[in-house]
Amino acid sequence: MTKEDYISLHIKLSTLCIKIRYRGEGRRAVMRAFLVRHLLLCVSRIFISTSLFFSESFFLSPSCKLRRQFNLNGLHRAGNVILGGLFEVHYSSVFPELTFTSEPHQPSCQGFDPPGFRHAMTMAFAIDEINRNSTLLPNVTLGYSLYDNCATLGIGFSAALSLASGREEQFLLQENCLGSPPVLGIVGDPFSTFSIATSNVLGLFKLPIVSYFATCSCLSDRRRFPSFFRTIPSDAFQVRAMIQILKRFGWTWAGLLVSDDDYGHHVSRSFQSDLAQSGGGCLAYSEILPWGTDPNEYKRIVDVMRKSTARVVIVFAHQMHMIQLMEEVVRKNVTGLQWIASEAWTLVDGLHTPAFMPYLGGTLGIAIRRGKIPGLREFLLRINPEQHHSNDYENSMVKQFWENTFHCRFAPPPAGWVQADGALCTGQEDLENVETEFLDVSELRPEYNIYKAVYALAYALDDMLRCEPGRGPFSSHSCATLQTLEPWQLMYYLEKVNFTTPFGDQVSFDENGDALPIYDIMNWLWLSDGRTKVQSVGEVKKSRFKGEELTLHEDKIFWNFESKEPPKSVCSETCPPGTRMARKRGQPVCCFDCIPCSEGKISNKTDSMECTSCPEDFWSSPQRDHCVLKKTEFLSYHEPLGICLTGASLLGTFICAVVLGIFIYHRSTPMVRANNSELSFLLLVSLKLCFLCSLLFIGRPRLWTCQLRHAAFGISFVLCVSCILVKTMVVLAVFKDSKPGGGAKLKWFGAVQQRGTVLVLTCIQAAICTCWIVSASPAPHKNTEYHNDKIVYECVVGSTIGFAVLLGYIGLLAILSFLLAFLARNLPDNFNEAKFITFSMLIFCAVWVAFVPAYVNSPGKYADAVEVFAILASSFGLLVALFGPKCYIILLRPERNTKKAIMGRGNTKS
């Protein structure tokens, strides 16, 4: 790199310090954003002024010299290949005020963190285990350089640069630039913001960084962070895991609280986006938890939680946020909430207090996958300051751990150390005789990720060293060697690494540098004795073949509610089948009203967006949740109306048969023989057909009944009226014949002519019916216009003109018969049949005149009933008017059934 390149790098660092917004990540609160920007600006100045990667002598001599080293807490071990590590061994620091003119000073780290030191020693254990493995990296000894970032961005960034530049104060440059870099890869940093800053710079050199705790989804951006990998799932997967939990329990209405930092802001955007895409629910509120003490803001946030109808609260924040939030929750006694914790505070013991647990009991949380590392505890027990007795700063972490654990001190302490109280440390103290969380290996979660990160680098290096010359992946099929190794070459193999841990978990990286994600689902169980147990109740993971899977053992989950059941958290109750969702204006999609489906439409599942229409022959059930066959309506033999009409029809037929029998029995009497008995018999048969044809109008319409009913009705009535018309003409002819010169008329209207007239008139009606049926045949029709929920079966006439001509022809003959009978009503005769014909035609015409408007205005089966009633009424009128008086004389007044009585020549009068 030229001097101009390094100046450009300085500009990038200066720009980075302006852009970056840090609020911290992890279990401890660290410096605010303005201090971090200031520190990063100073580090960029130190980076240039102390010539970490070069000195001004580079341009004058073939050697590089570190003008000054950072005094950092570290732990080192020599080896053929060195791996770097960044860990939070202290959780705070006091950083001196820096300017561009001042000399850099060593910050003072405070607050020793035993779990953080256990993390660092886990990496040391993994390297020691690899060195003892004869199959993995044979003939290669791994070493390490581990640094403490003190939970401070400036220190962590300095440590990363120190790893990249190496610890040698001066080294000679070779013309061919051969030689391996100071470290081949870095495990860490645990903080997302630290990793962003470090990767932005070291990514320029393609130096692999494998973090075990940085979860920000922004780090999956391969363009910004080409050399960043991690063995912990990103927040994007954690968000999707939480959404799966929400779906599992039907929680569609939840609140979201996030910390005011990169971690929280990225989660907030990701959560809202993924939740909307999944359709799994809505956020009732989304609030940002501030850093520092801001009681008014926490009061406002808790008021929002208390007033909201959401019973589920999701929190992506840190321990300090949760403590301040829970203090306000306890103060306002906000109960009945189901908490869902992010991995940042799921396993934090500081929240398991008697004051908080009545509210936090039953919390469900996402936790880093717990693993087992055989032999780790034994390795930790073997740690001793005597093993790391070189330079005070180089191996200071072990001594600081010893002082913190045994409350003693090594004398004299180097500058920058916090003076420990107590007696002098001998280095012979026994770790087994002291209680310390450093030796607690029951919940190896970050440690398991560290273990996987070290092995990922080791397997990548092993794959690289097993490359066969001439078959390599680089230019001209070359392979990398330890003597010519460059970091980007190891990164190539790291992208393709794939192995399985002794615990059974597969480790590989996707195109974004993320490992196959897996989380444990934890549940806070509040025991009766006041203790808190954090138990595993499931897991969520992603595999290459099955995708994302959520496994929950619901029977193990402790619910902190009286019902001991999961709470309901919905903005609106689920819409049952038979209703549809109607979104409330101005509110999220989860807030809706349930609108019943309209008639004819159904919804057969819960939370339907729309109601679907039933098929043509179906209608919605009363509950609107399924379609049922529509009720059918027609003039049936089984309903009272149909039964009455059928009875009347059969009664009329029976009466006609009786009258016909009477006339046949008394066929030789004058009353029967008078006025052509043959026409009387034919009239009775036609009336019988009229009664019977009415039965075709009852029952479910068929094609043949629709075609036959009107044809039979029309022909039967024309036959009947034709007989009446001919009888009327015969009456007139008889009385005309009784006058002088009238015999000729009766001669031309004999029995043959009478039968011919009836036949011709009937054939005309038959021709009309034939034309009608052929041209536009009546047919059955399912009518749904009268009732939406019923199918009315009816016969459509096909041709209204044909039906009108049929009725008009019958009416014409009836009117003609009425007029002729009316003219003959006063003819001299003791039994003038013309009077009865006149009366019968009057009844007939009156019935059918009233029929037309009644038929037109009657829907469905009632139209058929009106027509049947008209047929029966007119038939009964004709039967009674024409044959009633004759049957009366034949049966009750036989003395009048003589020729003399009929001709009016006897003395007997009616």
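Quick summary incoming for the structure in this document. The structure displayed is predicted, hence computed values, not measured ones.

The rules behind the values
Residues numbered from 1 in each chain as written. Predicted model: local features only at pLDDT ≥ 70, side-chain atom pairs only at ≥ 80, totals over all residues. Heavy atoms only, no water. Helix = DSSP H or I, 4+ residues; strand = E, 2+ residues; numbered from the N terminus. Buried < 20%, exposed > 50% of the residue type's maximum accessible area, 1.4 Å probe, protein only. Contact = heavy atoms within 4.5 Å. Areas by Shrake-Rupley, 256 points an atom, 1.4 Å probe, with all protein chains shown as cover. Pairing = 2+ DSSP bridges. Axes fitted to C-alpha atoms, helices over the stretch in contact; angles between N-to-C directions. Core = buried A, V, L, I, M, F, W, Y, C linked by side-chain atoms within 4.5 Å. Left-handed = near helix turned anticlockwise from the far one by under 90°. Disulfide = S-S within 2.5 Å.

## Some thoughts on the overall build of the protein
- The secondary structure content of the protein amounts to 24 helices and 29 strands.
- Going through the 910 residues of the protein one by one, you find that 54% of them count as buried.
- Once local pairs closer than 6 in sequence are excluded, the contacts in the protein between residues at least 24 apart make up 69%.
- Approximately 40700 Å² of the protein is accessible, and the part contributed by carbon and sulfur atoms is 56%.

## What about the pairing of strand 15 (residues 364-368)?
- Strand 15 sits mainly inside the fold: five of its five residues count as buried.
- Neither face of strand 15 is open: one carries Leu364, Ile366 and Ile368, the other Gly365 and Ala367, and all of them are buried.
- In this sheet, strand 15 lies alongside strand 14 (residues 338-341) in parallel orientation, the contact comprising two bridges. Counted as the bridge partner of Ala341 is Gly365 from strand 15.
- Pairing of strand 15 with strand 18 (residues 518-526) involves five bridges; the strand directions are antiparallel. Note on strand 18: the bridge partner recorded for Gly365 is Met522.

## Notes on the sheet that holds strand 13 (residues 312-316)
- Judged by pairing direction, the sheet is mixed, and its eight strands sit side by side in the order 12-11-13-14-15-18-19-20 without closing on themselves. Edge positions in the open sheet fall to strand 12 (282-289) and strand 20 (547-552), since each of these has one partner strand only. In this sheet, adjacent strand axes meet at a mean angle of 25 degrees when their direction is disregarded.
- Bridging between strand 11 (residues 253-259) and strand 13 involves five bridges; their strand directions are parallel. What sits directly across from Val258, in strand 13, is Phe316.
- Each of strand 11, strand 12, strand 13 and strand 14 touches helix 8 (residues 295-307); the most contacted strand, strand 12, lies at about 170 degrees to it.

## Digging into the nonpolar core
- Phe117, Phe271, Ile314 and Phe316 are the most contacted members of the largest nonpolar core, which totals 105 residues.
- In terms of residue count, helix 13 (residues 446-465) provides more of this core than any other element does, twelve residues in total.
- Excluding anything up to four places from it in sequence, Ile314 contacts Met242, Leu246, Ala254, Gly255, Leu256, Leu257, Phe271 and Ile340.
- Counting 72 residues, the second-largest nonpolar core is a separate cluster that includes Cys656, Trp772, Ile810 and Ile871.

## Looking at the pairing of strand 18
- The element strand 18 is largely enclosed, with a buried count of eight among its nine residues.
- Taking the residues that link successive antiparallel strands as the turn, the strand 18-strand 19 (residues 532-543) hairpin has five residues, and the phi of Gly530 there is positive, at about 95 degrees.

## Examining unusual backbone geometry
- A cis amide bond, omega -5 degrees, links Gly188 with the succeeding residue Asp189.
- When you line up the elements, Asp189 lands in the loop between strand 8 (185-187) and helix 5 (192-202).
- Positioned with a positive phi, Leu137 is a non-glycine residue whose angle comes to about 55 degrees.
- With respect to the helices and strands, Leu137 occurs in the loop between helix 3 (114-131) and strand 6 (142-148).
- On the basis of relative accessible area, Leu137 is assigned to the buried category, the value being 3%.
- The backbone of His407 sits at a positive phi, close to 55 degrees, despite the residue not being glycine.
- Residue placement: His407 occurs in the loop between helix 12 (396-406) and helix 13.

## Comments concerning the packing of helix 4 (residues 153-165) against helix 5
- At a closest axis distance of 10 Å, the pairing of helix 4 and helix 5 adopts a crossing angle of 35 degrees. Note that helix 4 runs across helix 5; the crossing there is right-handed. Of helix 5, the residues touching helix 4 (which contributes Leu153, Phe157, Ala160, Leu161 and Ala164) are Thr193, Phe194, Ala197, Thr198, Val201 and Leu202.

## Structural notes on the sheet that holds strand 29 (residues 790-796)
- Here three strands make up an open sheet; going across it, the order is 27-29-28 and the pairing mixed. Where the open sheet ends on each side, the last strands, each with one partner, are strand 27 (631-633) and strand 28 (779-783). Taken pair by pair, the neighbouring strands of this sheet meet at an average axis angle of 30 degrees, ignoring direction.
- The sheet contact formed by strand 27 and strand 29 spans three bridges and is parallel. Looking across to strand 29, one finds that Lys631 is bridged to Lys790.

## Some words on the state of the cysteines
- The full count for this structure, using the stated rule, is ten disulfides.
- Note on cysteine connectivity: Cys109 is disulfide-linked to Cys150, with sulfurs 1.8 Å apart. Handedness of the Cys109-Cys150 disulfide follows from its S-S torsion of about 90 degrees: it is right-handed. With Cys109 in strand 5 (residues 108-112) and Cys150 in the loop between strand 6 and helix 4, this residue pair connects regions lying 41 residues apart in the sequence.

## Some remarks on the packing of helix 3 against helix 13
- As a packed pair, helix 3 and helix 13 sit with axes 9 Å apart at the nearest point and diverge in direction by 35 degrees. Considering the relative orientation of helix 3 and helix 13, their crossing is right-handed. Facing Arg118, His119, Thr122, Met123, Phe125, Ala126, Ile127, Glu129 and Ile130 of helix 3, the residues of helix 13 in contact are Pro446, Glu447, Ile450, Tyr451, Val454, Tyr455 and Ala458.

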